[in-house]
Amino acid sequence: RDTVRELLKAKAHLEGEGQLGLSPTMRAENGTKPERRKHIGPLGRACGGGHADIVWDLLCAKASVDEAGGWTQGSPLHRASGEGHADVVRDLIRAKAELGKAASDATSPLYQAAENGSAAVARELLLAKADVDQANERGISPFSAAVQEGYVGIARELLLAKANPRGYDAANYRFEFFASRNISP
C-alpha cells in the first residue's frame, strides 16, 4: 500500500498499464515502447485481488472506475464481482461504476457474481438496481447461471428481485429444467 501511495504522489500513470507505472509521455521520454495490448489497469488488479484499501486510494486519485482490461475486457466491477469482494463492489458502486457495463462476452457484474456464487456481491448489485435479466452473449441470464451452478440462495434473491424465471438460453434449455434440480421457483 505504501508503494501505491508513493507512486500516486509521483503522479504515476493510472490507466491501462497493468500496474502503476510510466505514462505514455514518460515512456517516450525514457525510450521505452508503449504496450500494444490493453492490460488490466491497477484499479482492475486491486479490485480482483480484493485490496479495498488500495482500491479506495486509486478511486481517490481519480482512476477510471469503468476502464476495461484483460482478455474479457471486463471492468474493475467485473473483476471484484467475479472474485466475490463485496466491500470493493460497494466502493465501486459509490464511485458510480456502470452496473450494466458488459464485458466482451456480454456478461454483467451481476452475472459474474451469480455464476461464481457470491451472494454478498449479488446483494450489493441488486440493492444498487442492477438489471436482473441482463443476459450474456449466449442468452444466459444471471438467474440461469446461478441455477445451473447450483447457487440456490442467489437464485432465490434474483427471483425476489423480479428476475424472469421463464426465459430460455441460447442452447434452448428451459430455466425450469435446471431449477427442478436445485430449487423450486
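Residues numbered from 1 in each chain as written. Predicted model: local features only at pLDDT ≥ 70, side-chain atom pairs only at ≥ 80, totals over all residues. Heavy atoms only, no water.

Caption draft 1: Local environment of unusual backbone geometry. The backbone of Lys 62 sits at a positive phi, close to 70°, despite the residue not being glycine. Looking at Lys 62, the relative accessible area reads 68%, which means it is exposed. At Lys 129, a residue that is not glycine, the phi angle is positive and equals roughly 75°. The topology assignment puts Lys 129 in the loop between helix H8 (119-127) and helix H9 (142-149). (Buried < 20%, exposed > 50% of the residue type's maximum accessible area, 1.4 Å probe, protein only. Helix = DSSP H or I, 4+ residues; strand = E, 2+ residues; numbered from the N terminus.)

Caption draft 2: Highlighting helix H5 (residues 76-83). Burial within H5 is extensive, with six of its eight residues counted as buried. For H5, the set of buried residues is Pro 76, Leu 77, His 78, Ala 80, Ser 81 and Gly 82. Of the surrounding elements, those touching the buried residues of H5 are helix H3 (42-49), helix H6 (86-94), helix H7 (109-116) and H8. (Contact = heavy atoms within 4.5 Å.)

Caption draft 3: Spotlight on the nonpolar core. Core analysis: the largest hydrophobic core is formed by 34 residues, its most contacted members being Leu 43, Leu 92, Leu 110, Leu 125 and Leu 158. Of the residues forming this core, the biggest block, five residues, is contributed by H6. Discounting residues that sit within four places of it in the chain, Leu 92 has contacts with Leu 43, Cys 47, Leu 59, Val 65, Pro 76, Leu 77, Ala 80 and Ala 97. (Core = buried A, V, L, I, M, F, W, Y, C linked by side-chain atoms within 4.5 Å.)

Caption draft 4: Quick peek at the packing of H3 against helix H4 (residues 52-60). Following both chains from N to C, one finds H3 and H4 inclined at 155°, their axes separated by 8 Å at the closest point. By the criterion of interaxial angle, the relationship of H3 to H4 is roughly antiparallel. Seen from above, H3 lies across H4 with left-handed handedness. Residue-level inspection shows Pro 42, Leu 43, Ala 46 and Cys 47 of H3 in contact with H4, the latter providing Ile 54, Val 55, Leu 58 and Leu 59. A breakdown of the residues in the contact of H3 with H4 according to their chemical character gives eight nonpolar, no polar and no charged. (Axes fitted to C-alpha atoms, helices over the stretch in contact; angles between N-to-C directions. Parallel < 35°, antiparallel > 145°, perpendicular 65-115°, else oblique. Left-handed = near helix turned anticlockwise from the far one by under 90°. Nonpolar A, V, L, I, M, F, W, Y, C, P; charged D, E, K, R; others polar.)

Caption draft 5: Expanded view of the pattern of salt bridges. Enumeration over the complete set of coordinates arrives at three salt bridges. When the shortest N-O distance is used, the salt bridge between Arg 90 and Glu 124 registers 3.0 Å. Separated by 34 residues along the polypeptide, Arg 90 in helix H6 and Glu 124 in helix H8 bring together distant segments of the chain. Among the salt bridges present, the one from Glu 157 reaches Arg 123, with a minimum N-O distance of 2.9 Å. (Salt bridge = Lys/Arg side-chain N within 4 Å of Asp/Glu carboxyl O.)

Nothing here speaks to function; it is geometry throughout.
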